[in-house]
Amino acid sequence: GVQLRFKRTFEYLFSILWGDKPLAFSSARTIRSFHSQIHGNFQHNIGPFKSGSSYSAHHVGSLLWVSATLLDSSIMIYELLVDDLTDAEKDTLLKETVLFNLLFGIPEELNPKSWQEFRIYCAKMWSSPVLTVSPAGKELKRFLFKPP
C-alpha cells in the first residue's frame, strides 16, 4: 500500500543521492520507468485542468515541483531536528539538486539559481491554481487521517 510505495520511493531517492554513480543512474532509470506508466487524461475538471486534457508523470513542471517539495521538506526537517542552515548552505543544496533533476529530465535552465529564487518559485506555486486537490486526493486524505 501507501507505506510500501513511500519506502520504495525513498530507497530509490537515497540511492540516487548517496549511492555510487552506477546505482544512482540505475535507480533514476527505474523511477523514470515507473513514471512512464503514469499518463492519461483527466476525467473531470480539476482546478485549471479541463476534462480530457492529458497528464503525464514526465511533465517537466510537475517533476520540478516534486523535486522542490523534496528539497524544501528535507531542509525543513533538518532545521527542526538538527540546526538552522544559512542561505549560503541552502544555495549549495539547491545547486546539488540540479544533477538530481537532470536525471529526471528537468532541464538545467528551469532550476532556480539561488535560495531566494527558489523561495519565490515556491510562493508562486503555492498561490497558483495548479496546486489543486482532486476528489481522489480528498479520498486519500480521508484514508491517511482516519485510518481503520
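Keep in mind the model is a prediction, meaning the values are calculated, not measured.

(A) Representation of the layout of surface pockets in the model. Of the pockets and cavities examined, the largest pocket occupies roughly 2,100 Å³. If you go around the largest pocket, you meet 42 residues; those closest to its centre are Arg5, Ile38, Ala57, Ser62 and Val66. The volume enclosed by the second largest pocket comes to roughly 840 Å³. Taken together, 26 residues line the second largest pocket, and the ones lying closest to its centre are Leu17, Trp18, Ser74, Thr97 and Phe100. If you list the elements that add at least two residues to the lining of the second largest pocket, you get α1 (2-18), α2 (21-36), α3 (60-81) and α4 (87-103). Here the lining of the second largest pocket takes 8 residues from α3, the largest share from any one element.

(B) Up close: empty space enclosed by the protein. By the definition in use, this model includes 1 cavity of 30 Å³ or more. Volume-wise, the largest cavity comes out at about 50 Å³. If you trace the largest cavity, you find it lined by Leu64, Ser67, Ala68, Leu71, Leu94, Thr97, Asn101, Asn111, Pro112, Phe118 and Tyr121. Elements represented by at least two residues in the lining of the largest cavity include exactly α3, α4 and α5 (115-127). Top element by residues in the lining of the largest cavity is α3. It accounts for 4 residues. Class assignment for the residues of the lining of the largest cavity results in 7 nonpolar, 4 polar and no charged.

Conventions adopted
Residues numbered from 1 in each chain as written. Predicted model: local features only at pLDDT ≥ 70, side-chain atom pairs only at ≥ 80, totals over all residues. Heavy atoms only, no water. 1 Å grid on protein atoms, 1.4 Å probe; cavity = no way out; pocket = protein on both sides within 12 Å on 5 of 7 lines; lining within 4 Å. Points joined across faces, edges and corners; volume = space filled by probe spheres on them. Helix = DSSP H or I, 4+ residues; strand = E, 2+ residues; numbered from the N terminus. Nonpolar A, V, L, I, M, F, W, Y, C, P; charged D, E, K, R; others polar.

So yeah, pure geometry; function would need other evidence.
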